[in-house]
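Survey of secondary and tertiary structure
Residues per chain, in single letters:
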Amino acid sequence: MCTRVFYIILNVMKTRLKFTGALLAAMLLVVLSFVAGESRASTTTTLYSQDFSRSTFVPAGWTDNSYSDYGGNYAGTGSGWYWSSTGYNGSNGSALCDYWDGCVGPIITPVVDASFYSAAGDTAYVDFDFFWAYNQYDQDYDVSQGVDDQFFLKLINSSGSSTVLSLVNHTDYTYAESGYNIDYAAPTTPGAWRHYHIGIPQSYRSSSLQVAFDAEYYSGWGLETGAIDNVVITGTHYNKISYAPASLTFPSTSTGVTTAAKSVIVKNPNPVTVTFSGVSITGTQAGEFTITHSIISLPPGTPAAPSVDSFSVTFSPQGSGTRTASLNFNNNSEGPISVSVPLTGTGVAPSIDLKGVNTLFLKTRTKLSKSRDEFVVVYSTGTGAIIVSPTSFLSGDYPSEYSILRLPSSPIPSGTWDTVWVRYSPTIEGSRPAILNIVSNAANGTQQVSLRGIGILPRLTISPSPLNFDSVGVGDTVCADVTLTNPGTDTIAITHNYFANNDADFTYFGMTGDDSLIAPDHFKTVHICFSPIRNGARTARLRVTTSIPKTFDVPSRDTSSFTINVLGTGVPYGKLAIAAKPIVDSGIVGKQICRTDTIRNTGSADLTITSATITGADSSDYVLSGATFPLTIAAGKSQVVNICATPGARGDRNAQLNIKGSTSGKSITAALPLDVFGQIVCASASPNAAFNAKTCIGMSDTATIEVTNCGDITTAYTATLTGASGYTIVGPASSSSVGATGKTSFKLVFTPTARGAASGTLTITDGASNAMPVSLSGSGGAASVSGAPATAPDTKVGATSAEFGVSLKNDGECDWTPGLPAGNGPFTCTKGSNVNIAAGATGTLTFTFTPTVKGLATANLTFPNPSSVSIPAATLTLSGNGIEGAGVRMLTEVGGFSLAQNYPNPFNPTTEIRFTLPREANVRMDITDMKGNLIRTVFSERYAAGTHSTVVDASQLSSGAYYYTLTTSDGAIKLTRQMMLVK
C-alpha cells in the first residue's frame, strides 16, 4: 500500500494574507489511502467565472449591496462599485471601487451550487485578480494615523458567512502613486495586480454558495481605489460510487416460498463509466438467495442526475430460523472498490385459522336471477406464510348454485390475513346448502365452510278476476277494489299497470311509488270506477306487469304479466250538471256584478230539480234568479239561471250554490262554489304639504309628491295647480296607469319673483275624480344691505393710505357676497369683496385711499351682486381728505392730452391703460414706484391723434401702489396716475 496526500492549496502571489479560523481549518491535511499502484481519477470543473468584459453592471445574477458615503449615508443603494473599461488583461473591463467617494459594502456573486464538491477529499477555490492603490495623501493622512481602508473576501451560504481574506494594512496595497492622484479606472499593467487563489472550506461547499467582495474605508481620509477582475470559482471531485442500503433483510417467509426481490441501488455521479466484476453470493445459506438482476457497468452521470442501477436478490428459505449470506461485487471506481452486502432472512412454518367463521350466507335471502357475494377471512397464525391453493373447491348438495370468486393470489404472511370470496346465484326457490373447501400449505390442512343460501321468488294472485259491476245508471258512478296479493318469498314490484278502456266508461287509479311494491304475504288494492255514458254492456281490461323473473327453463318463459277483464252494464238515468265555472271575479265593494250559468240534464231520463239554495259565510252577498222550483228538465235539455254578487267587504267572499233533485226515483245533488273578490278604490299623496322654507329670489327649490295606489283598482292620476304664481309642474301632469300598491310622482319647482309668502295648491285626482290636495307654502327671500358712510384717514396727494374698514349689514333672508364695488374713484377695495355675509350678519370690506388732488374726495360705491341673489340697490358712501405732500404730482389732462385710470384697478396681474392725443406725437409711458424710481418703460413710439390703449403685465412685480406717466418727446406734456397691484 502507498499513501497519497491530498491537501488544500492557498496560493497568494506577491502578498501576505490574514486568515480566519475557518480558512485555517480548511488548510488541514486530509489523508486518503488507496491500493498500491493506483492513481486517483479526479474532475475539475469551473463552477462560475466573470471577467467584467461587458459594460452592464452589475453582471447578471450579482448583487450590489454597496453605497457611496460621500456627503451622506446611502446604505444599500448599490452606488459604491461601478464598471471600469480597463482591467488586468487589457481593456475588457473590471469592477472598481473608488474609496475617495466613500465606497462601502460588498458586491456578491450569483448563487453557485458547490454541493458536489463537499465530500472529504474534494476541493474548491475562488480565484481573482486584485488591484489596490495608495498615494501621497494616504501616506500622510491615512497610514500615518495607523488606520487604513479595508478589503474583505467573504464566503456566504444558507448557514451564515465567514471572512477568508482580510486586507487592512498599507503593506497589502499592490500599487503606489506619487502625488495625490485618484484612479477612476483600473490599470492595465500586470504588475499593478495580484492574483489570489483562496480555498473554500468544506462547510461552505453547499448549493447556496456565494462569494462577497467587501470594501470599507477609514471615514474622512481614504483616497484609494480598488478593483477586482477575472473571478473564477472551481471545484475538484474525486470519483466515488454510492450504494444503499448497506444490508438486505428479507421478511419471514414460509419454507418453499420465494419472496419478492430486494435491491441494492448503486449510483454513479461521476463523469466516467464504472465497471463491475466478481458479482457473487457467498455464505452458509448462499443457495437460498438468488441474484435476479446484476450490473455490468454504470455510464457517466452528474451529481444532479447520477446514473442508477441495482443488484436484485430473492429469498427462498429451505429451513426454519435465521438464514444468512452475502452479496459481493467489485468495481473500478476510487471507492469503495470491493463491496459486501449482508443478506438476512428467516424461514417459518405456516398455520391457517378462520377464527370460528364456518358458515356463509346464513339467514340470507337472494332473489332468483340475482347474485350475492360473501367472504371468509383467512388468518395466518403460524410462523410462515399461508399459500392458498387454486385447487380449492366446492362440494355438498348444491355446489352448482355457488362459485368461488377470489382466492388470495399471494402468500399470506404470518400475523396477517386475506379473504376468500364466494358468490351465490340461486336458480331454485328455498334453502340450497353446499361446502367451500379451502386448500393450502398450512400444517392444519384443508378448511371447510358451510354455505347456507336461500333462494327467494315473488308471486302474484289477483282477486276478483274478472271484475263485474252491477247495472249502473247512465251518468252515475260506482267503484270497486281489485286486490293484488303476494304469496311468494320475495317482494314483488309492479313495474307497469295500465288500463284499456275504449269507451271511457271506466276510471282506473293506478299504483305509483311505494304502492307498486308488495312484500311477501301482503297485498295492495287498486280502485276502478264505472260511469256508463250510454246504455248496454261496457268492457275494459287491466294489464299488470311485475318483477317476477323468467324461468330457468330452456328456453326460459316470462310469467311476469297478468290481465284482468272489467265488465259493466249502463241503464238510463237523468244526470244533473252545471255548465258553469265558479264565480271568481273582482268587483268594487257595494257594486253588483252578475253572470249567467246553465243547469243541464246530461242523462237519458227526465230530471226534476226540487230546490236551489245559496249557503256559506258570505251567502248574503249572492242572489239566484231566472228559474222557479220545482223545475223539470228533460233529458239533454237545460235551464239558464242568473247569479249576481254584491261584495260586502274587501277580499274573498265565498258561498256555495246547492241544487237538489231526483230522476227515475233516485235522489241527486250538485254544488257550485261561488267566489268573488271585493275591491276598493284608494290613493294617498305624500307629502301633503311642500315648500315650507324660504327660497331666494332668482333661485329655485324642488319638491316631489309621491302618489301611492293603496286600493285594488288600476288607475291614472292627474295634477293641477291653483293659487299664487311661482310654481311649475316639471314633466307630465298626468301619469300612466298605476296598479295596486304601485306608485307615481309629480315634480314641482318653486321660483319666487318677490319677497314674502307665496301659497298655492296642487290637486291630484284619480280616474274616479277623487281629489287629493297638497298645500304649497313657499316664501320668497332676498338680501337687504345697508352700510354707514365711512371716512378714510387724511392722506398726502400721490400717497396711499393705510387700510380702513367699512361695515355692511345684511338685513335680508338670503346670504350675500358683495363682489368688487364700482364707482370707487380714489378708493380701492382690497379685502372682503368675495366673502359671504350671511342673512342677519355683518361683514367688513377693507379700502385704501389714494388722493390725486388736494382737498375732500367722495365716492358712492355700488355692488354687482355676484351671488345671483336679488337685492334692492345697495350704495356705500366713502370720503377722504387729500393733503399736500412730497409725493408725485398727479396731472391727468392738459391741452387735449388725457390719461385714463387703468382698468381694472386694483388688478392682478394685467390691466389696460387708455390715453388720448389731440395730434400726432412721439410719446413714452413709464412705470415708477412711490419714490419715483423707474420700474419699466412700457412703450416709446409715435402715435396718431385719437384714443389708444396698452396692456401692462405686472406678473413680475410685487403687490403695492405704482405710478404710470405719459410724456411727450419734448417734455412739454407729462400726465401721471396711480394704480394698485394686489396679488
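Described below are features of the structure shown in this document. Bear in mind that the values here come from a model prediction, so they are computed numbers and not experimental data. (Residues numbered from 1 in each chain as written. Predicted model: local features only at pLDDT ≥ 70, side-chain atom pairs only at ≥ 80, totals over all residues. Heavy atoms only, no water.)

1. Some points on the overall build of the protein chain
Along its length, the protein chain carries two helices and 78 strands. Expressed as a percentage of the 983 residues in the protein chain, the buried residues total 44%. Sequence-distant contacts in the protein chain: of pairs separated by 6 or more residues, those separated by 24 or more amount to 72%. Element-wise, carbon and sulfur atoms account for 51% of the exposed surface of the protein chain, whose accessible area totals about 46,000 Å². (Helix = DSSP H or I, 4+ residues; strand = E, 2+ residues; numbered from the N terminus. Buried < 20%, exposed > 50% of the residue type's maximum accessible area, 1.4 Å probe, protein only. Contact = heavy atoms within 4.5 Å. Areas by Shrake-Rupley, 256 points an atom, 1.4 Å probe, with all protein chains shown as cover.)

2. Topic: the state of the cysteines
Linking two cysteines covalently via their sulfur atoms produces the bond known as a disulfide. A full pass over the atoms with the stated rule returns four disulfides. Covalently, cysteine 479 is tied to cysteine 529 through a disulfide, its sulfur atoms 1.8 Å apart. With the S-S dihedral at roughly 100°, the linkage between cysteine 479 and cysteine 529 falls on the right-handed side. Placement of the pair is cysteine 479 in strand 38 (residues 478-486) and cysteine 529 in strand 42 (residues 522-530), with a sequence separation of 50 residues. Using a relative accessible area of 35% as the deciding quantity, one classes cysteine 479 as partly exposed. Cysteine 529 sits in the buried class, given a relative accessible area of 6%. Each sulfur of the disulfide joining cysteine 594 and cysteine 644 lies 1.9 Å from the other. In this structure the cystine formed by cysteine 594 and cysteine 644 twists about its S-S bond by roughly 110°; its chirality is therefore right-handed. (Disulfide = S-S within 2.5 Å.)

3. A few points about the nonpolar core
Ranked by size, the top nonpolar core spans 33 residues in total, and within it Trp81, Phe128, Phe151, Leu153, Phe213 and Ile228 carry the most contacts. Those elements that provide at least two residues to this core are strand 8 (94-98), strand 9 (103-108), strand 10 (123-134), strand 11 (150-157), strand 12 (160-167), strand 14 (194-199), strand 15 (210-216) and strand 16 (225-238). Examining the composition of this core, we find that five residues originate from one element, strand 10, more than from any other. In this structure, Val472, Ile492, Phe499 and Ile518 belong to the second largest nonpolar core, which totals 23 residues. (Core = buried A, V, L, I, M, F, W, Y, C linked by side-chain atoms within 4.5 Å.)

4. Brief notes about the pairing of strand 12
Bridge count between strand 11 and strand 12: seven bridges; the pairing is antiparallel. Bridging from a neighbouring strand, leucine 155 pairs with serine 162 of strand 12. Hairpin connection, strand 11 to strand 12: the antiparallel pair is bridged by two residues. (Pairing = 2+ DSSP bridges.)

5. A short note on the environment of arginine 459
Structurally, arginine 459 can be placed in the loop between strand 35 (447-456) and strand 36 (461-463). The partly exposed category is assigned to arginine 459, whose relative accessible area is 38%. Separated by 26 residues in sequence, arginine 459 and threonine 485 have C-alpha atoms that sit 8.1 Å apart. Ignoring any residue separated from it by four or fewer positions in sequence, one finds arginine 459 in contact with Glu429, Thr485, Asn486, Pro487, Gly488, Ile492 and Ile548. At 2.6 Å, the side chain of arginine 459 forms a polar contact with the side chain of glutamate 429. (Polar contact = N/O pair within 3.5 Å; in protein donor to acceptor, adjacent residues only side chain to side chain.)

6. Brief notes about the environment of asparagine 770
Here asparagine 770 lies in the loop between strand 61 (756-765) and strand 62 (771-781). In the structure, asparagine 770 is positioned 87 residues away from alanine 683 in sequence and 8.7 Å away in space, judged by C-alpha atoms. Once residues within four sequence positions are removed from consideration, asparagine 770 is found in contact with Val681, Ile764 and Thr765.

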